[in-house]
Amino acid sequence: QVQLVESGGGLVQPGGSLTLSCLASRGLFNSATMGWYRQVPGKERELVATINSGGSAKYVDSVQGRFTCFRDYAKNTMYLQMNSLNVADTAVYYCNGVTLYGTFWGQGTQVTVSS
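Here goes a summary of the coordinates provided. Computed from a predicted structure; not experimentally measured. (Residues numbered from 1 in each chain as written. Predicted model: local features only at pLDDT ≥ 70, side-chain atom pairs only at ≥ 80, totals over all residues. Heavy atoms only, no water.)

Another point: the packing of aromatic side chains. This structure, assessed with the given rule, holds three aromatic pairs. Measuring from ring centre to ring centre gives 4.9 Å for tyrosine 37 and tryptophan 105, while their planes differ by 70 degrees; the resulting arrangement is edge-to-face. Taken as a pair, tyrosine 37 in strand S4 (residues 33-39) and tryptophan 105 in strand S10 (residues 102-105) lie far apart in primary sequence, 68 residues in all. On the basis of relative accessibility, which here comes to 37%, the residue tryptophan 105 falls in the partly exposed class. Here the guanidinium or amino end of arginine 45 rests over the ring plane of tryptophan 105, the centre of that ring lying 4.6 Å away. (Phe/Tyr/Trp six-rings, centres within 6.5 Å; stacked < 30°, edge-to-face > 60°. Helix = DSSP H or I, 4+ residues; strand = E, 2+ residues; numbered from the N terminus. Buried < 20%, exposed > 50% of the residue type's maximum accessible area, 1.4 Å probe, protein only. Lys NZ or Arg CZ within 6 Å of the ring centre and 35° of its normal.)

Where burial is concerned, most of strand S3 (residues 18-24) is hidden: five out of the seven residues are buried. Where strand S1 (residues 4-7) meets S3, four bridges bridge the pair, whose relative direction is antiparallel. Residue pairing in the sheet places leucine 4 in a bridge with alanine 24 of S3. (Pairing = 2+ DSSP bridges.)

Below, the structure written as structure tokens:
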């Protein structure tokens, strides 16, 4: 059964850091291009970062230089290390994986940046 489970969200002060985790099923983790998205109430879900099966990551301009997406292959886990957080980063963050068989989503984890 395909699973994607996010964790690590929470309340962070502006300028702070937080690392999100996405635990995936082994088959999905090894074969899929994965990514992080975020969504604010009333807005469309937007891309944050993608990472291919080889570990090459890309980022949207708004997080470039602040966020780092990487994989731990031994743990079947994708991470999003978020630094220099600001209020605009507040959102529900979702991990996903895209394979030949479809697109899969986790349940989301809330990140709130507030002083």
